[in-house]
Amino acid sequence: MESRSGTPFGRLLRELRQDRGLTIEELAEASGVSGRAIGDMERGRSLRPRRGTVTALVQGLRLDEAAHAELLSVARAGRPGAEPVAAVKASPYTLPRGVRDFVGRHAELAVLRALAQRPAEDGARPGSGWDAPAPPVAVVFGAPGSGKSTLAVRLAEELAPGLADGAFLLDMRGLDAQPLSAQEAALRLLGAWGADELELVRLSPQERLARYHATAAGLRGILVLDDAGSESQVRPLLPREGSLLVVVTSRRTLAGLEGVQRVELGALTQQESTSLLRAVVGAGRVDAEPEAARSVTESCGHLPLALRVAANWAATRTNWSLQRLATRLTDEDRRLDSLSAGDLRVNSAFSLSYSRLAPGAARLFRLLSLVPGADFSAPLAAVLAGVSLPVAEDVLEELLEAGLLMTYRQDRYRFHDLLRLYARSQHRLVDGEQESAAARFGLRSWLLDTVVVAGRGYGPDHGAPVPDPRGLLVLEDRAQALQWIKAESDNWLAAFREAAEGGEHARVDAVSGAMRLISDDWVSWGHWVEIFEHAARAAAALGDAVREASHRNDLAWAYWVCENRHDDAITAATCALALAEACGDLVQQARAHVRLSVMQHAVGDASAAADSCRRAMDLFVQADDITGYLPACNVSIKLLQEAGRMQEAIKAYQEVMDAYADPRNRDRIPPNVREITGLIATFHVSFVHLDLGHWAEAVDTLRSIRGQLEARGYHRREGQLHLHLAHALAHLGADAEAATEYRTVLTLAGRIPAALVDEARASLQALADGRLSPPTRFE
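Notes on the structure in this doc start here. Quick caveat: nothing in here was measured; it's all calculated off a predicted structure.

**Considerations on the overall build of the protein chain**
Thought 1: Of the regular secondary structure elements, the protein chain holds 39 helices and 12 strands.
Thought 2: Classification of the 779 residues of the protein chain by burial places 54% in the buried group.
Thought 3: Restricting to contacts in the protein chain with at least 6 residues of sequence separation, those with at least 24 account for 69%.
Thought 4: When the accessible surface of the protein chain is split by element, carbon and sulfur atoms take 50% of a total near 32800 Å².

Shown next as structure tokens:
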């Protein structure tokens, strides 16, 4: 009698095998899993069988859906319990995890390594100026699936430890209907390099690119611009000086780019293809069947993607010969031929791995082709398939093991674009339109419901976001809410567009309203005009004048701050004001006056702008809206100072302080609003003291908030603070203290505008020479 020792999984596996009258050797033959591995699992020596191995056993045992689910459940019980997934910070420069079994490409890597070691060329890149040295740039091009991104990431991982600023990667999404523009790419990279976001969006396109090149010139690192679609996408991003190595990957040669090193990736050599098989499947198995190995590599066209998919399939079926794999590849190649890479067919590898997936994994693989964005999370996959998070994570693990999916930035996943096309073709072939529509609707509903919860939870008066009823996400605070919104932005934006096109007016209104505060802290996202235009139309269709006024106020902000469209912003704000006056809504009237004051200030009429802001403050008071009143006061202080109405500016500042001191407002002003509005009010009133020549008051005011702006990411304002403090100290004759503040400005170089650094450096030198004449007018 066989022993009953072992794990629950091992005991169940033994029972299922015996119920079907199979020996271990017969199950090994049927499943492709080695007899030794099966024995280890049954005796409890293998505690955590991989999902792909379990699937192979299920197929060998010919289990039905119920028995399959039971075996998977027992296997999963031996793993650490899955927790709801916390939102992860989306970063445009994080390298995806490189493959550990990288092989070949020695000649190509040697070229790229040599390029990285080469000093900047004497010849200038077009547009850089005749005397400017051009940093090295490589264009890695080749067929889809040839391993361009893999090679670039390999190089970046290798070089990054020796470079002071490390490695950056940005997906240019060159194959998308709307590829990432050079302007948006520059904006993302500058944000990643520490530039102030609000300042960046206020720069003209030319100024923004100039800032990009100035910052890039000071970096020692490697930048991968992945999946570029055209020369125009990347040409403005190629550094003109410095030592930042740029590697561009593309399916095209990008022949219009001059002064670059081109590296073509073709098919692997026979030796390299065999090395890849040996790395994934195992050297012993490959060396034992050289002819079968050659047949496999030829069936895959020596294409790395196809080879890896086929090799991963064989790796989980250690009891099957490579000849069996080679035969199946040939059979599959005759059955499915819808995809090709040039003249190299890759369907054989894809269809072989797909056809051996468990039904649930095959279904999720097909459904994932419906994801509109480039990448996705496990919770999204769970929603799409209608399964629990642990089940979704297990299925994603199986797809990873099969080589049908890739990891992408921490806890996210993505398809290779060829595999996405293959999954979509299988979805059209297998799944009915009814299931497809239901999956799309369920995903859209979850994305939009979640973005509303996250957006509302981000507001100062809502507290923590409402817990996710499905237990899929952790959104415990504002930071996690914003991280999720950014990470899933491509996906929820696509869902939002579908809702707008489908006339789901209430949902469009809810999403846009939840995004209002998010937009203030994510100005650089390029879609706010679209969001609020849809929202205004939806509110009009609903016949809700208050909501339409609110969205048109937001639209006025987006037109001006995001796209510098002055006239459109005035039109939107004027329309919002008329709507709000017609329905008697005081808050939206006040917001419209704030928007109009910004537009008046933009054309140089600070006094009229201050008057509009005063009207907004009075309306907020009438509406008893303290959270709207305080920011309006802050704007008023700055406008009055610029208009030369200094006493009124000091009075407005005192109004802020009085509001804080009023015991009635103790619980009405959220802590984060209290902190930030008080900080900005104090910063603004410092300009009044400086312009009045009240140097001691200016010093006291600036010292009271020293370091607080920097802590909140307001780098430019922190630079201004130290510079102005230094000037005020110089006026008081405190030269040593002034020098300390000037030097502090210099330490902020790279995070603040170069003009501030230049002024501090010049002032420090003038101070040392005894000829400093600090300014008496401040902006």
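**Observations regarding the sheet that holds strand S10 (residues 406–408)**
Thought 1: With respect to topology, 3 strands assemble into an open sheet ordered S9-S11-S10, the strand pairing being antiparallel. Edge positions in the sheet fall to strand S9 (376–377) and S10, since each has one partner strand and no second.

**Quick look at the environment of Arg97**
Thought 1: Summarising the element assignment, Arg97 is placed in the loop between strand S1 (85–86) and helix H6 (106–117).
Thought 2: Sequence separation between Arg97 and Met406 is 309 residues; the distance between their C-alpha atoms is 9.3 Å.
Thought 3: Leaving out residues up to four positions away in the same chain, Arg97 has contacts with Glu157 and Thr407.

**What about the sheet that holds strand S3 (residues 167–171)?**
Thought 1: Pairing within the open sheet is parallel, and its 5 strands lie in the order S3-S4-S5-S2-S6. The open sheet has two edge strands, S3 and strand S6 (261–265), and neither has a second partner. Neighbour-to-neighbour, the strand axes of this sheet turn through a mean angle of 20°, independent of strand direction.
Thought 2: Of the strand pairs in this sheet, strand S4 (residues 222–228) and strand S5 (residues 245–250) are connected by 5 bridges, and their pairing is parallel. Residue Val224 lies in a different strand from S5, and its bridge partner there is Val247.
Thought 3: Most of the contacts of H6 go to S6, to which it runs at about 160°, and overall it touches strand S2 (137–142), S5 and S6.

**Some remarks on the nonpolar core**
Thought 1: One finds Leu368, Trp484, Trp492 and Trp528 to be the most contacted residues of the largest nonpolar core, which totals 117 residues.
Thought 2: The dominant element in this core, judged by the number of residues it contributes, is helix H22 (residues 433–458), at 9 residues.
Thought 3: When neighbours within four sequence positions are excluded, Trp492 is seen to be in contact with Leu447, Leu448, Val451, Trp484, Ile485, Val511, Met515, Trp525 and Ile531.
Thought 4: Among the nonpolar cores identified, the runner-up in size contains 31 residues, and Ile705, Ala726, Ala730 and Leu767 belong to it.

**Overview of the packing of aromatic side chains**
Two descriptors summarise a pair of aromatic rings, namely the distance from one centre to the other and the angle between the planes of the rings.
Thought 1: Evaluated as defined, the whole model comprises 14 aromatic pairs.
Thought 2: With 5.6 Å between their ring centres and 40° between their planes, Tyr354 and Phe365 make a pair best called tilted. Of this pair, Tyr354 sits in helix H17 (residues 347–355) while Phe365 is found in helix H18 (residues 359–367), placing the two residues 11 residues apart along the sequence.
Thought 3: Using a relative accessible area of 0% as the deciding quantity, one classes Phe365 as buried.
Thought 4: Judged by centre distance (5.9 Å) and plane angle (80°), the ring pair of Tyr354 and Tyr422 falls under edge-to-face. One end of the pair, Tyr354, is in helix H17; the other, Tyr422, is in helix H21 (residues 417–430), with 68 residues separating them in the sequence.

**Examining unusual backbone geometry**
Thought 1: The phi angle at Asp227 is positive, at roughly 60°, despite the residue not being glycine.
Thought 2: Structurally, the position occupied by Asp227 is in strand S4.
Thought 3: With a phi close to 50°, Leu254 is a non-glycine residue in the positive phi region.
Thought 4: Within the element layout of this structure, Leu254 appears in the loop between S5 and S6.

**Let's talk about the pattern of salt bridges**
For side chains bearing opposite charge, pairing can occur when the charged atoms are close.
Thought 1: In the structure shown here, the tally under the stated rule is 35 salt bridges.
Thought 2: With a closest N to O distance of 2.9 Å, Arg366 and Asp431 form a salt bridge. Of this pair, Arg366 sits in helix H18 while Asp431 is found in the loop between H21 and H22, placing the two residues 65 residues apart along the sequence. Of the two residues, Arg366 and Asp431, both sit in the buried class.
Thought 3: The structure contains a network of salt bridges with shared partners spanning Arg444, Asp449, Glu498, Glu504 and Arg507.

Cut-offs and rules
Residues numbered from 1 in each chain as written. Predicted model: local features only at pLDDT ≥ 70, side-chain atom pairs only at ≥ 80, totals over all residues. Heavy atoms only, no water. Helix = DSSP H or I, 4+ residues; strand = E, 2+ residues; numbered from the N terminus. Buried < 20%, exposed > 50% of the residue type's maximum accessible area, 1.4 Å probe, protein only. Contact = heavy atoms within 4.5 Å. Areas by Shrake-Rupley, 256 points an atom, 1.4 Å probe, with all protein chains shown as cover. Pairing = 2+ DSSP bridges. Axes fitted to C-alpha atoms, helices over the stretch in contact; angles between N-to-C directions. Core = buried A, V, L, I, M, F, W, Y, C linked by side-chain atoms within 4.5 Å. Phe/Tyr/Trp six-rings, centres within 6.5 Å; stacked < 30°, edge-to-face > 60°. Salt bridge = Lys/Arg side-chain N within 4 Å of Asp/Glu carboxyl O.

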